[in-house]
Amino acid sequence: MSKSEPRIGVYVCHCGLNIGAVVDVAAVAQYAQTLPGVVVSRESTYTCSDNGQRSIQEDIENHNLSRVVVASCSPRMHGDTFMKTCETAGLNPYLFEMVNIREQCSWVHTDKEQATEKAKDLVRMAVAKVRLLEPLEKQKSAVNKAALVIGGGVAGIFSALYLANAGIKTYVVEKKPSIGGHMAQLDKTFPTLDCSLCILSPRMADIGKHENIELITYADIENISGYAGNFQVTVKSNPRYVIKENCRLCGVCAEKCPISLPDEFNMGLKKRKAVYIPFPQAVPNYYLIDAGHCLHITKGGCMLCQKNCPNDAIDFEETEAVRELNVGAIIVATGFELYDATQKKEYGYGRYPNVITNMDFERWVSADGPTHGKVVRPSDGAPPQRIGFIQCVGSRDEKEGAVYCSRICCMATVKQATMLREKYPSAEIYVYYTDMRTPGKGFEEFYQRGREHGIVFIRGKPGEIEEDDNHNLLIVSEDTDSGLILRNTLDLVVLACGLRPPEALEELAQKLHLSRSPDGFIMEAHPKLRPAETSISGVFLTGCVQFPKDIPDTVAQSGGAAAMAAALLTKDEIELEPVRAAVDEELCIGCGLCEENCDYGAIEVKKTEEGMKAQVIEVACQGCGVCAASCPQKAVTVRHFTDGQLLAQVTAALEPEVIV
Amino acid sequence: MYEPKIIGFLCNWCSYAAADLAGTSRIQYPSNMRAIRVMCSSRVDPEHVLRAFVNGADGVLIAGCHPGDCHYISGNYKTERKYVLLREMLEQFGIDPRRLRLEWCSSAEGGKFAQVVTEMTEELKTLGPIELGAGD
Ligand SMILES: Cc1cc2nc3c(=O)[nH]c(=O)nc-3n(C[C@H](O)[C@H](O)[C@H](O)COP(=O)(O)OP(=O)(O)OC[C@H]3O[C@@H](n4cnc5c(N)ncnc54)[C@H](O)[C@@H]3O)c2cc1C
Ligand code: SF4
Ligand code: SF4
Ligand code: FES
């Protein structure tokens, strides 16, 4: 770079007393003035204020500054602010460097002299770096104005409807044959006891018929590439072997089908056939054949459904269909999985017939369930008179791999106990809990009503359940409030199972490059301020895939995610971050180490006229820099974090004399 | 009193954020470290570390996200591999490998970050100033 000597402006901020009380700001500013290339150096009370920013802009014009250094708070706080300040005054925003003398200096040190020395060193390091910075241009990229929602539970349903109603073309991809998710399986919902499907199924139907929505069910996301504004998604839908237009839902096929299987929607409490409809209100509303169990598909020869279908709706020739979707934004709404209660051996789920889960209960109590809504003892069909609920099964339990609280199970239990009370006014109902957690509108009131109606709450988690010859259940527990040991013989025990991240989430997270929090759910971009965004630009988040939550919170977050996605999709183009890798083809020997190390497939060794050379796929590169650090030839670099720039900082930190 | 000079390479997403959090929580620690922000710990090249020692650093800290949490998927695993090699290299150069540290700090671990810098400063004080080629 044989450019003329840079003209640098340095601004050292007092941040009121936040910095000024510890660091001698005047001394730092005076010191900066002595550094090579610095033409102005000023202190300011609040650099980020309008006045502070204007002073920088005036200097850029009047002193013809070609570089700016601001020593103030963290670049994570105000880096963007000052980059914009520079840009507005006509200076390329990448010719700016920020020095953190607040979070990483005045707030963590008390010795004024040492803090001032450190601030001077940090300013010197920044001046050394800023001299070597190069202007970078943000490339623009056209925004593909369609959205993809992955998961068709209540979270996905609402975000898709919000987007579609705003005029945005929206694809919904659901893994199962019908949308609806867990909410479709619930009987009633707390705290108002609305019928769950009554409020959900009209919205499900809207998804099926909305002009802006294309619903792809029984499908898997195979591959995702691209970036905000321009994702390519490969979706594979499984064959249903039933022609939608022909199916009249008469059910003759299922009557004739010889294969009987546990019905997943009813938690295995009912049977379904190999040709079936997941539940009466399913969307899309037509039959499908379960290929894994169909006699004709697995062994050949049956075809009873096809022979008997009066509408020629069965088509064994159907094959899987692979589609490419081009979308600008993605909302991840893949929900949760219920904790597998068989893991908790001491409670005997799966071995003791009268131990059921909270989701089993939802199906028992539902009018569409195995007993048309009559809750009975599974072992003998008798109406239960002594019922217990055990809270926190698979939640708040380090041994079971979840320290977190699943948030909804206390309320779900209060709901279920209240419904039981209505059905069996004289039954004894016990809830064994660790803490009852009822934060939510109307929740505490609902809980108190339950107490008034004679539901007994016992603080203390039972260690184990034993069963007698009549399948009665024996529970011994300590009431930690009174210190008494309680022994109870019960007819039925309901385990309040917690919510877990779905097993396949890991794979999806990898495809989308999303981080997960220690609990296994997807990590949001900021726990407080950006709960519906992820660390990947253009990918948003809603519902239980972020963390367990109830339906109202899910719907609220769906609105947030849809608004964020719409904000992106209503732009014509977006700017791409220019901090990316670049290859010097003359130095590159084509060894491929960079390609091997890049997690994004963003650098590839390709045949060129000069031999094998690495090439950066700009739009895929995230700018991490692992390629640059792996290259034996120093042929790759990352703009804004070049070896020269980083080494200039190292040298400036350690050898003040030889700085720049 | 001898004050060791430490260069700290902090990844933008976790460890730099942890250092910021130590600040917002006003957790005090010694002022010996000079931070250099990189986007990912995996950007740190052995050459950067060696140059720091040659230029007179008494210690070098590389800090990144916890395993599994790297913002760029698996950058920190690659950092770890390089770190193992680097320690061997340091030994060959006669530099006590304790002068180089690799630490994981999440953006929620301001306290841990402060503790790492404190411990490292203390340890370097007992090791004394670096003397290249003099059996350090
Ligand atoms: C027993 C029980 C009772 C409850 N009672 C209440 C209540 O009374 N009131 C209340 O407010 N809340 C209640 N809840 C909580 C409620 O169920 C959740 O808030 C709600 O279901 C969350 O919706 P979701 O869309 O985030 O997840 P889900 O309902 O889990 O939906 C996720 C959808 O994504 C699909 N999917 C998953 N992975 C993929 C993939 N890789 N690709 C494509 N699709 C995928 C799934 O098949 C599913 O359709 C209860 C929960 C339980 C367990
Ligand atoms: S690591 Fe360096 S030399 Fe090897 S292919 Fe990549 S750029 Fe070329
Ligand atoms: S900077 Fe990271 S994402 Fe970009 S090419 Fe290099 S390794 Fe791949
Ligand atoms: S981003 Fe922190 S180690 Fe990779």
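Residues numbered from 1 in each chain as written. Chains lettered and ligands numbered in written order. Predicted model: local features only at pLDDT ≥ 70, side-chain atom pairs only at ≥ 80, totals over all residues. Heavy atoms only, no water.

Examining the confidence of the model for chain B
This is how it is decided: pLDDT is defined as a per-residue confidence score from the predictor, taking values between 0 and 100.
On average, chain B scores 93 in pLDDT, and the residues at 70 or more come to 97%. Across the assembled chains, the prediction reports ipTM 0.97 with pTM 0.79.

What about the site of ligand 3?
Let me state the cut-off plainly: Definition of nearness: a residue and a molecule or strand are near each other if at least one heavy atom of the residue lies within 4 Å of the molecule or strand. Following the grouping adopted for this structure description, the nonpolar residues are Ala, Val, Leu, Ile, Met, Phe, Trp, Tyr, Cys and Pro, the charged ones are Asp, Glu, Lys and Arg, and the polar ones are all others, Gly among them.
A581(A), C598(A), Y600(A), A602(A), I603(A), C621(A), Q622(A), G623(A), C624(A), G625(A), V626(A) and C627(A) make up every residue found near ligand 3. The class makeup of the residues in the shell around ligand 3 is nine nonpolar, three polar and no charged.

Focus on the site of ligand 1
Residue and element names in this part refer to chain A. Stated precisely, the cut-off is as follows: We call two N or O atoms a polar contact when they sit within 3.5 Å, provided that within protein one can donate a hydrogen and the other can accept it, with sequence-adjacent residues counted only if both atoms are side-chain atoms. The protein chains shown are the only cover counted for residues, whose accessible areas, like all others here, come from Shrake-Rupley with a 1.4 Å probe. Working definition: helices are DSSP H or I runs of at least four residues, strands are E runs of at least two. Numbering for both runs from the N terminus. Domain delimitation follows an automatic or database domain assignment.
As a structural note, the neighbourhood of ligand 1 is formed by 36 residues, with E174, H182, K415, K549 and I551 the closest of them. For ligand 1, an oxygen atom lies 3.3 Å from a polar atom in the backbone of V154. In the model, an oxygen atom of ligand 1 is placed 2.7 Å from a nitrogen or oxygen of the K549 main chain. Protein contact buries 96% of the 1,000 Å² of open area that ligand 1 shows by itself. For the shell around ligand 1, the secondary-structure elements that each account for two or more residues are α6 (154–165), β8 (188–189), α11 (358–364), α12 (409–423) and α15 (551–569). For the shell around ligand 1, the per-class residue count stands at 17 nonpolar, 11 polar and eight charged. Split by domain, the residues of the shell around ligand 1 number at least three in each of domain 2 (146–237 + 321–336 + 504–569) and domain 4 (338–500).

Let's talk about the interface of chain B and chain A
Worth spelling out the cut-off: We call two residues contacting when some pair of their heavy atoms lies within 4.5 Å. Here the buried area means the combined drop in accessible surface, using a 1.4 Å probe, for two parts upon being joined, counting both sides. The term salt bridge refers to a side-chain nitrogen of Lys or Arg lying within 4 Å of a carboxyl oxygen of Asp or Glu.
Taken together, the contact between chain B and chain A spans 47 residues of the former and 44 residues of the latter. A buried area of about 4,100 Å², summed over both sides, lies between chain B and chain A, and 54% of it is on carbon and sulfur atoms. Area buried by chain B at its contact with chain A is led by R34(B), R43(B) and N55(B), which between them contribute 17% of it. One can count six salt bridges joining chain B with chain A. Put simply, D599(A) and K78(B) hold a salt bridge, and the shortest N to O gap is 3.2 Å. Mapped onto the side of chain B that touches chain A, the elements with two or more residues apiece are β1 (6–11), α1 (15–24), β2 (33–38), α2 (46–54) and α3 (75–92) of chain B. Ranked by residue count, the leading element in the side of chain B that touches chain A is α1(B), at seven residues. Grouping the amino acids of the side of chain B that touches chain A by side-chain chemistry returns 22 nonpolar, 12 polar and 13 charged.

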